[in-house]
Every structure is written in C-alpha cells, then in structure tokens.
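A look at the structure
This is what each chain is made of:
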Amino acid sequence: MSELQREVSELEKKSATAARLFDIRRIIGGLFTLYGVIVTIAGLTASEADLEKAEGVNINLWTGLGMLALGLFFLVWLWLRPLAPPTPPAPEDGDGERVGPAGP
C-alpha cells in the first residue's frame, strides 16, 4: 500500500470518528439530560413559596423529568441507530476515471 493511500485511509478513519463524535443526537441528548437532572433536583428541593407561585404545581420537577426523558430518548436513539460509516470513494484507474459502480 502506498504512503498516499495509507494517509487517505487514516484521514477517512478520523473523519468518521469526528462525524460520530459531533452527531447532533449526542449533543442534544447530553444537554437535555444534564439540564434535566439539574431542573429535577431544583424541583425536588422546591419550597412551599415556589409551589404557591405555580398554583401548587411543581413545575421544575415535571419540566426536569420531561427534559430528562427527552435527553435519554436521544441517547438511546444514538445507541440503537449509530451513524453508518461513510462509504469510501471508488478507486480511479490510470486515466483518472472511476472504476466500479457509480455513486451519487
């Protein structure tokens, strides 16, 4: 394998890793889970004055649980359906034309 081919394959691996790392589901799921935990804790420690302001509804607790559920949904979705690795481009022959099936 030539040096250039090895460098290209290494860059493809790094690109696939970066795509998985910055998958929007991971970012949304992580943030909603983190904020859900914080708001749920705020709801569990709510005072009577806070409950009176919300007419007896512990809005922080319910909002936090909803955010936690949404965040966990995104993380489970990411775990069950990970990104497919990108398909490598078809190799070129000596004339600069692609060999193999044509892709989109």
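To start, this report covers the structure provided alongside it.

Observations concerning the environment of Ala 69
With respect to the helices, strands and loops of the structure, Ala 69 is situated in helix H4 (residues 59-80). Taking the C-alpha atoms as reference points, Ala 69 and Phe 32, 37 residues apart in sequence, are found 8.4 Å from one another.

Some details on the pattern of salt bridges
Scanning all chains against the criterion turns up 1 salt bridge. Its salt-bridge partner being Arg 25, residue Asp 23 comes within 2.8 Å of it at the nearest N-O pair.

Considerations on unusual backbone geometry
Not every positive phi belongs to a glycine, and Glu 55 is a case in point at roughly 55°. Of note, Glu 55 is situated in the loop between helix H3 (48-53) and H4. Judged by its relative accessible area of 74%, Glu 55 is exposed.

Observations concerning a nonpolar patch on the surface
Together, Phe 22, Ile 24, Ile 27, Leu 31, Leu 34, Tyr 35 and Ile 38 give the surface a local cluster of nonpolar side chains, amounting to about 710 Å² of exposed area. Position of Ile 24 relative to the elements: it lies in helix H2 (residues 24-44). Ile 24 sits in the exposed class, given a relative accessible area of 54%.

Some points on the packing of H2 against H4
Orientation of H2 relative to H4, taken along the N-to-C sense of each, is 155°, at an axis distance of 7 Å. As far as their axial angle goes, H4 and H2 are roughly antiparallel. You can see that H2 and H4 cross each other, and the crossing is left-handed. Looking at the contact of H2 with H4 residue by residue, the class counts come to 17 nonpolar, 10 polar and 2 charged.

How each quantity is defined
- Residues numbered from 1 in each chain as written.
- Predicted model: local features only at pLDDT ≥ 70, side-chain atom pairs only at ≥ 80, totals over all residues.
- Heavy atoms only, no water.
- Helix = DSSP H or I, 4+ residues; strand = E, 2+ residues; numbered from the N terminus.
- Salt bridge = Lys/Arg side-chain N within 4 Å of Asp/Glu carboxyl O.
- Buried < 20%, exposed > 50% of the residue type's maximum accessible area, 1.4 Å probe, protein only.
- Patch = residues over 30% accessible without salt bridge, like charges linked within 9 Å, V, L, I, M, F, W, Y side chains within 5 Å.
- Areas by Shrake-Rupley, 256 points an atom, 1.4 Å probe, with all protein chains shown as cover.
- Axes fitted to C-alpha atoms, helices over the stretch in contact; angles between N-to-C directions.
- Parallel < 35°, antiparallel > 145°, perpendicular 65-115°, else oblique.
- Left-handed = near helix turned anticlockwise from the far one by under 90°.
- Nonpolar A, V, L, I, M, F, W, Y, C, P; charged D, E, K, R; others polar.

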